[in-house]
Amino acid sequence: MSDIIEKAVEALSAKVSSFDGSAKFVIADEGSIILDNAGVRAGDDEADVTLTASAETFEGMMNGDINPTMAFMQGKLKIDGSMSDAMKLASVLG
């Protein structure tokens, strides 16, 4: 597991401990993270919604510098799957 994925798991765990549903965060060229009712972990499981972004964009969302909704509208964040789950995540992360 890359250092970026390890740090991303820690950052996401600090923001949310579990999620009603499942979400996968794909960090381009690094790997992916799963968030579900069991918590946050590195993994590539199937999920209700998949969010894909660069490491820089993901880091910005975690530290509050980048609003997830704005990142999506600017094309920096791609969403595949349940838009309602994506909206729930945006409220948790934003």
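All values reported here derive from a predicted model rather than from experimental measurement.

Undergrad: I would appreciate a short explanation of the environment of Ala14 in the present structure.
TA: For Ala14, the position within the fold is in helix α1 (residues 3-15). Sequence separation of Ala14 and Met62 is 48 residues, and the distance between their C-alpha atoms is 9.2 Å.

Undergrad: Looking at this structure, I do not really get a negative patch on the surface. What am I missing?
TA: On the surface, Asp3, Glu6, Glu10, Asp29 and Glu30 cluster together into a negatively charged patch. By relative accessible area, which is 36% here, Glu6 ends up partly exposed.

Undergrad: Hey, could you run me through the confidence of the model for the protein chain in this one?
TA: When pLDDT drops low, the exact placement of atoms in the prediction is not to be read closely. Looking at the protein chain, the pLDDT average stands at 91 and 98% of residues meet or exceed 70. Mean pLDDT across the secondary structure elements of the protein chain bottoms out at helix α4 (residues 83-93), with 85, and peaks at strand β4 (residues 49-53), with 97.

Undergrad: Got a minute to help me understand the packing of aromatic side chains in this structure?
TA: Between two aromatic rings, the relevant description is the distance of the centres plus the angle of the planes. One pass over the structure, following the stated rule, counts 1 aromatic pair. Ring plane angle 70° and centroid distance 5.6 Å describe the contact between Phe25 and Phe58, whose orientation is recorded as edge-to-face. Here Phe58 lies in helix α2 (residues 55-63) and Phe25 lies in strand β1 (residues 23-27), a separation of 33 residues in the sequence. The exposure class assigned to Phe25 is buried, which follows from its relative accessible area of 2%.

Here is what the cut-offs are and how they apply
Residues numbered from 1 in each chain as written. Predicted model: local features only at pLDDT ≥ 70, side-chain atom pairs only at ≥ 80, totals over all residues. Heavy atoms only, no water. Helix = DSSP H or I, 4+ residues; strand = E, 2+ residues; numbered from the N terminus. Patch = residues over 30% accessible without salt bridge, like charges linked within 9 Å, V, L, I, M, F, W, Y side chains within 5 Å. Areas by Shrake-Rupley, 256 points an atom, 1.4 Å probe, with all protein chains shown as cover. Salt bridge = Lys/Arg side-chain N within 4 Å of Asp/Glu carboxyl O. Lys, Arg positive; Asp, Glu negative; His and termini not counted. Charge placed at Lys NZ, Arg CZ, Asp CG, Glu CD. Buried < 20%, exposed > 50% of the residue type's maximum accessible area, 1.4 Å probe, protein only. pLDDT = per-residue confidence, 0-100. Phe/Tyr/Trp six-rings, centres within 6.5 Å; stacked < 30°, edge-to-face > 60°.

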